[in-house]
Amino acid sequence: MKYYSLNHNAAKVSFQEAVIQGLAADKGLYFPESITPLPKSFFDNIENLTNEEIAFEAIQQFVGDEIPASTLKQIISETLCFDFPVVPVENGIYSLELFHGPTMAFKDVGARFMSRCLGYFNKDKKDNTNTVLVATSGDTGGAVASGFLAVQGVEVVILYPSGKVSDIQERQLTTLGQNIKALEVDGVFDDCQDMVKKAFLDESLAHKNLTSANSINIARWLPQMFYFFFAYKALKSQGKELVFSCPSGNFGNICAGIIAKKMGLPVTHFVASTNVNDTVPRFLVDGKYDPKPSIATISNAMDVGNPSNFIRIQEMYGNDLEQFKKDFSSYTYNDEETLEALKNIYKTDGYIAEPHGAVGYLGLKKELENYPNAIGVFLETAHPIKFLDVVEPALGITLPIPTQIESVLNKEKVSTKIKTYDELKAFLG
Ligand SMILES: *Cc1c(COP(=O)(O)O)cnc(C)c1O
């Protein structure tokens, strides 16, 4: 499979090159040259397949022959080492729980898949390492640290804003050691992000083979399509139309869902539910794409003013805004509405959501007014424990600590404090 740059000013590359580079030379995002629908027999028979078999069928065309089938199956098996339950919440509404992985965030899937692809591509390069450089506002860092731990030929450097991530999140990214290094930046998330961007453009760091591990990287982004196939498998026997609502920040998740639909997955409608960072909902109203600086909210993993994957979604719909709107809606909710939903879901349904899932639930409820006979699924993208400072006071409960989290709580934090770009450069060497 070849990938082209969405800025259309760089050469086409292989899967391997796209994964290693992250971004194209012209700073464009990579996009697959073709998306081929899966055969009808695959969907007819999906309930008889394991998650690993489904994932292999779904991802194979995007990897092509660059990873042997047996290795790709092994990578998938290590990626999907946990469950993806579809939990009934209320009549016709389900939560697709994506948080049962090692760091209890859905990003575990993409991080594990990408790390193992890089590890495979590096297997024969004894002294040539890649450096994964990533800025995190919280959840990405932990998933990347865990996903890349001990992967051959890959060094990971994570920048996070000092004092701005939760205690659990900080421990998840500072306690693993080995090939994982944490830099504690005296500043806010945007400062971390700026330093990372500068490093990618810095010619004097070319020898470090820097790559990113956020959803601009195809190996982190594409495996997210698996979730939608798994949910279809679980709900297929009900014989109803399906509406998905994704709590959206960089729009990687929902974009992967739209690819699954292009591959033939019977999805009637997608909803991108956002917090007050509403660039896409505004676009759907007036057709103008007008990004704004991000605003801090209680669903902070979605505090994104200029969603990087939206351009990939636009690529799939060309300029056909009307067709796009048939398949896709986007709604925005503020923190007050999110808290209200969190409480209602608990009170009425006995289900403990967290702020991102609650935003997804709200968008789903709204869209189901247009599809009264459909089944609705919202993606629950993190375990409530990851946002306990919001969830516990809102619901008046104390959450038990899951084992995955407990295991990092008593480990010692190791980080290096930095303030300037020069300090980052000196650290990278
Ligand atoms: C990253 C993240 C999101 C947003 O996902 P995108 O693919 O960037 O839209 C939503 N919820 C949680 C908990 C996240 O960590």
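Residues numbered from 1 in each chain as written. Predicted model: local features only at pLDDT ≥ 70, side-chain atom pairs only at ≥ 80, totals over all residues. Heavy atoms only, no water.

Chemist: Mind showing me how you'd approach the sheet that holds strand 3 (residues 30-32) here?
Modeler: Within a sheet, each strand pairs with its neighbour through backbone hydrogen bonds, oriented either parallel or antiparallel. Spatially, three strands are ordered 2-1-3 in an open sheet, and the strand pairing comes out antiparallel. Strands at the two margins of the open sheet, each flanked by one partner only, are strand 2 (13-14) and strand 3. (Pairing = 2+ DSSP bridges. Helix = DSSP H or I, 4+ residues; strand = E, 2+ residues; numbered from the N terminus.)

Chemist: What should I look at first to understand the sheet that holds strand 10 (residues 242-247) in this one?
Modeler: Taken in spatial order, the six strands make up an open sheet running 4-5-13-10-11-12, and their pairing is mixed. Here the strands that pair on one side only, and so sit at the sheet edges, are strand 4 (86-90) and strand 12 (328-332). Each neighbouring strand pair of the sheet contributes to a mean axis angle of 25°, computed without reference to strand direction. (Axes fitted to C-alpha atoms, helices over the stretch in contact; angles between N-to-C directions.)

Chemist: I would appreciate a short explanation of helix 5 (residues 107-121) in the present structure.
Modeler: Every α-helix winds through 3.6 residues per turn, so residues three or four apart in the chain are directed the same way. The end-to-end C-alpha distance of helix 5, which contains 15 residues, comes to 21 Å, matching closely the 21 Å that a straight helix rising 1.5 Å per residue would cover. Taking burial as the measure, the 15 residues of helix 5 include 15 buried ones, the bulk of the element. (Expected span 1.5 Å × (residues − 1). Buried < 20%, exposed > 50% of the residue type's maximum accessible area, 1.4 Å probe, protein only.)

Chemist: Any chance you could explain the nonpolar core here in plain terms?
Modeler: Of all hydrophobic cores here, the largest spans 99 residues; its most connected members are Phe-15, Phe-148, Met-225, Phe-229, Ile-313 and Phe-328. The leading source of residues in this core is helix 10 (residues 226-235), at eight residues. If sequence neighbours within four positions are ignored, Met-225 has contacts with Ala-58, Phe-62, Ala-256, Ile-259, Ala-260 and Met-263. Of all hydrophobic cores here, the second largest spans 34 residues; its members include Val-243, Ala-341, Leu-368 and Val-391. (Core = buried A, V, L, I, M, F, W, Y, C linked by side-chain atoms within 4.5 Å. Contact = heavy atoms within 4.5 Å.)

Chemist: Would you mind showing me how to read the UniProt feature "domain: Threonine synthase N-terminal" (unreviewed entry) in the chain here?
Modeler: Under the local residue numbering, the UniProt record ascribes the feature "domain: Threonine synthase N-terminal" (unreviewed entry) to residues 2-79. Secondary structure across residues 2-79 divides into 46% helix and 12% strand, with the first and last C-alpha atoms of the span separated by 23 Å. (UniProt positions renumbered as here; feature names shortened; annotations may be inferred.)

Chemist: Before we go on, may I ask you to explain the site of the ligand in this structure?
Modeler: The ligand sits among 15 residues. The nearest are Lys-107, Gly-249, Asn-250, Asn-253 and Thr-381. Gly-249 is positioned with one of its backbone polar atoms (N or O) 2.8 Å from an oxygen atom of the ligand. If the ligand stood free it would expose 390 Å²; the protein chains cover 97% of that surface. Grouping the amino acids of the shell around the ligand by side-chain chemistry returns six nonpolar, seven polar and two charged. (Near = heavy atom within 4 Å. Polar contact = N/O pair within 3.5 Å; in protein donor to acceptor, adjacent residues only side chain to side chain. Areas by Shrake-Rupley, 256 points an atom, 1.4 Å probe, with all protein chains shown as cover. Nonpolar A, V, L, I, M, F, W, Y, C, P; charged D, E, K, R; others polar.)

Chemist: I tried to follow the packing of aromatic side chains on my own but got confused; where do I start?
Modeler: In this description, an aromatic ring pair is defined by two values, namely the gap between the centres and the angle between the planes. Following the criterion strictly, the structure yields 26 aromatic pairs and no others. Through successive ring pairs, a cluster of aromatic residues spans Phe-82, Phe-84, Phe-106, Phe-226, Tyr-227, Phe-228, Phe-230, Phe-244 and Phe-270. Its guanidinium or amino end placed over the ring of Trp-221, Arg-312 lies 4.0 Å from that ring's centre, counting from NZ or CZ. (Phe/Tyr/Trp six-rings, centres within 6.5 Å; stacked < 30°, edge-to-face > 60°. Lys NZ or Arg CZ within 6 Å of the ring centre and 35° of its normal.)

Chemist: How should I be thinking about the pattern of salt bridges in this particular structure?
Modeler: Where charged atoms from two side chains of opposite charge approach closely, those side chains can pair. A complete count under the given rule lists 14 salt bridges for this structure. One salt bridge in this structure joins Lys-40 and Asp-44, with 2.8 Å as the shortest N-O distance. Here the residue Lys-40 and the residue Asp-44 both occupy positions in helix 2 (residues 40-44), the gap between them amounting to four residues, near one helical turn. A salt bridge links Asp-167 to Arg-171; the nearest nitrogen and oxygen atoms lie 3.1 Å apart. In this pair, Asp-167 and Arg-171 both sit in helix 7 (residues 167-174), four residues apart, roughly one turn of the helix. Assessed through its relative accessible area of 43%, Asp-167 is described here as partly exposed. Because the salt bridges share partners, they merge into one network encompassing Glu-170, Glu-184 and Lys-413. (Salt bridge = Lys/Arg side-chain N within 4 Å of Asp/Glu carboxyl O.)

Chemist: What exactly am I supposed to notice about the environment of Gly-119 here?
Modeler: Here Gly-119 is to be found in helix 5. Taking the C-alpha atoms as reference points, Gly-119 and Gln-152, 33 residues apart in sequence, are found 5.3 Å from one another. Ignoring sequence-local partners within four residues, the contact set of Gly-119 consists of Val-151 and Gln-152.

Chemist: Help me understand unusual backbone geometry in this model?
Modeler: Here the phi dihedral of Met-104 falls at roughly 65°; this positive angle occurs in a residue that is not glycine. Examined against the element boundaries, Met-104 turns out to sit in the loop between strand 5 (93-97) and helix 5. Overall, the relative accessible area of 3% leaves Met-104 in the buried class.

Chemist: Which parts of the structure should I look at to understand the environment of Ala-182?
Modeler: Within the element layout of this structure, Ala-182 appears in strand 8 (residues 180-185). When its relative accessible area of 6% is taken as the criterion, Ala-182 is described as buried. Residues Ala-182 and Val-156, 26 residues apart in the sequence, show an inter-C-alpha distance of 8.3 Å. Each residue touching Ala-182, except ones within four places of it in the same chain, is listed here: Ile-158, Tyr-160, Leu-173, Thr-174, Val-414, Ser-415 and Thr-416.

Chemist: Sorry if this is basic, but what is going on with the packing of helix 5 against helix 6 (residues 139-148) here?
Modeler: The relative placement of two packed helices is expressed as an angle between their axes plus a distance between the axes. Running from amino to carboxyl end, helix 5 crosses helix 6 at an angle of 40°, the nearest separation of the two axes being 8 Å. When the axis of helix 5 is compared with that of helix 6, the two are oblique. The chirality of how helix 5 crosses helix 6 is right-handed. Residue-level contacts link Lys-107, Asp-108, Ala-111, Arg-112, Met-114, Ser-115, Arg-116 and Leu-118 of helix 5 to Thr-140, Ala-143, Val-144, Ser-146, Gly-147 and Phe-148 of helix 6. Residue composition of the contact of helix 5 with helix 6, grouped by class: six nonpolar, four polar and four charged. (Parallel < 35°, antiparallel > 145°, perpendicular 65-115°, else oblique. Left-handed = near helix turned anticlockwise from the far one by under 90°.)

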